[in-house]
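Each chain, written out:
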Amino acid sequence: MAIKLIANYSKRLGLPGYSSHQFSVSVETELVATDDIPGEAERIYHLLQTNVDEQIHQTGFVPPADYGMDDAPTHKNGTSGNHSSNGHSPHGSDRWKCSDKQRDLILKLVDEHSLDRNEVEHLACQRFGHGVRQLNKMEASGLIDELIDTHGGNQRRANGRRSAYAGTNGKGGHS
């Protein structure tokens, strides 16, 4: 009677920029006798582990820490996703790293609540280490939440998350 011994060894390594890579090897063999199953399993496991460990050293492409955070994808017409209809150029000093919707909401909050732009800039520098225009999407979301919590709008869902900005006209959101 033949006995199948099936083994799999897999390893995943975390890499910078929320990236990872994985390598896996599987083997299937038939044993003619049952007397050395533990010894054969140990031999195969060691063989698989050694080979996976040797191969996983070759990481290939490793994205930098800010990979995917700088530029929006290019659309079919060749324009960047950060170029909006309000005249902000993605190449000039008006370029913002966050989404157009987040930029518009930050500017709307500043205008509606007559906030000092220098104070908002200082707040961004204190919290995130750089100015408002350099905030990525996650950082901009944090700044928006703080501005809303501090200066206006208090509509939250039961789970504690904000459903929409509740400014003077009750319109808009930042997600």
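Residues numbered from 1 in each chain as written. Predicted model: local features only at pLDDT ≥ 70, side-chain atom pairs only at ≥ 80, totals over all residues. Heavy atoms only, no water.

1. Section: the side chain of D100
Then comes step 1: Along the polypeptide, D100 turns up in helix α2 (residues 100-112).
Then comes step 2: Of the residues examined, D100 reaches a relative accessible area of 19% and is grouped as buried.
Then comes step 3: In this structure the side chain of D100 is engaged in a polar contact, spanning 3.1 Å, whose partner is the side chain of R103. (Helix = DSSP H or I, 4+ residues; strand = E, 2+ residues; numbered from the N terminus. Buried < 20%, exposed > 50% of the residue type's maximum accessible area, 1.4 Å probe, protein only. Polar contact = N/O pair within 3.5 Å; in protein donor to acceptor, adjacent residues only side chain to side chain.)

2. Considering the packing of α2 against helix α4 (residues 137-151)
Then comes step 1: Taken N-terminus to C-terminus, the directions of α2 and α4 make an angle of 25 degrees; their axes are 10 Å apart at the nearest point. As summarised for this structure, α2 and α4 are arranged roughly parallel, according to the angle between their axes. The two elements α2 and α4 meet at a crossing, and its hand is left-handed. Facing α2, whose interface residues are Q102, L105, I106 and L109, α4 presents K137, A140, S141, L143, I144, L147 and I148.
Then comes step 2: The class makeup of the residues in the contact of α2 with α4 is eight nonpolar, two polar and one charged. (Axes fitted to C-alpha atoms, helices over the stretch in contact; angles between N-to-C directions. Parallel < 35°, antiparallel > 145°, perpendicular 65-115°, else oblique. Left-handed = near helix turned anticlockwise from the far one by under 90°. Contact = heavy atoms within 4.5 Å. Nonpolar A, V, L, I, M, F, W, Y, C, P; charged D, E, K, R; others polar.)

3. Some words on the pattern of salt bridges
Then comes step 1: By the definition in use, this model includes seven salt bridges.
Then comes step 2: Residue E40 pairs with R43 through a salt bridge whose shortest N-O separation is 2.7 Å. Here R43 and E40 lie together in helix α1 (residues 37-56), a separation of three residues that amounts to about one turn.
Then comes step 3: What makes R43 partly exposed here is its relative accessible area of 47%. (Salt bridge = Lys/Arg side-chain N within 4 Å of Asp/Glu carboxyl O.)

4. Points about the packing of helix α3 (residues 117-128) against α4
Then comes step 1: Between α3 and α4, the least distance of the axes is 11 Å, while the angle of their chain directions is 125 degrees. By the angle class used here, α3 and α4 are oblique. Crossing angle aside, the handedness with which α3 passes α4 is right-handed. Contact residues: α3 offers V120, L123, R127 and F128, while α4 offers E139, G142, L143, E146 and L147.
Then comes step 2: Across the contact of α3 with α4, the residue classes break down as five nonpolar, one polar and three charged.

5. Describing the nonpolar core
Then comes step 1: Within the largest apolar cluster, 19 residues are counted, with the highest numbers of intra-cluster contacts made by I106, V120, V132, L135, L143 and L147.
Then comes step 2: Those elements that provide at least two residues to this core are α2, α3 and α4.
Then comes step 3: Ignoring sequence-local partners within four residues, the contact set of V132 consists of W96, I106, V120, E121, A124 and L143.
Then comes step 4: By size, the runner-up hydrophobic cluster in this structure holds seven residues, among which are A7, Y9, L31 and I44. (Core = buried A, V, L, I, M, F, W, Y, C linked by side-chain atoms within 4.5 Å.)

6. Examining the packing of aromatic side chains
Then comes step 1: Counted under the stated rule, the structure contains one aromatic pair.
Then comes step 2: Both rings, one in Y9 and one in Y45, keep their centres 5.4 Å apart while their planes meet at 80 degrees; by these two values the pair is edge-to-face. Taken as a pair, Y9 in strand β1 (residues 3-15) and Y45 in helix α1 lie far apart in primary sequence, 36 residues in all.
Then comes step 3: A residue is classified by how much of its surface remains accessible, and Y9, at 10% relative accessible area, is buried.
Then comes step 4: Here Y45 falls in the partly exposed class, since its relative accessible area comes to 44%. (Phe/Tyr/Trp six-rings, centres within 6.5 Å; stacked < 30°, edge-to-face > 60°.)

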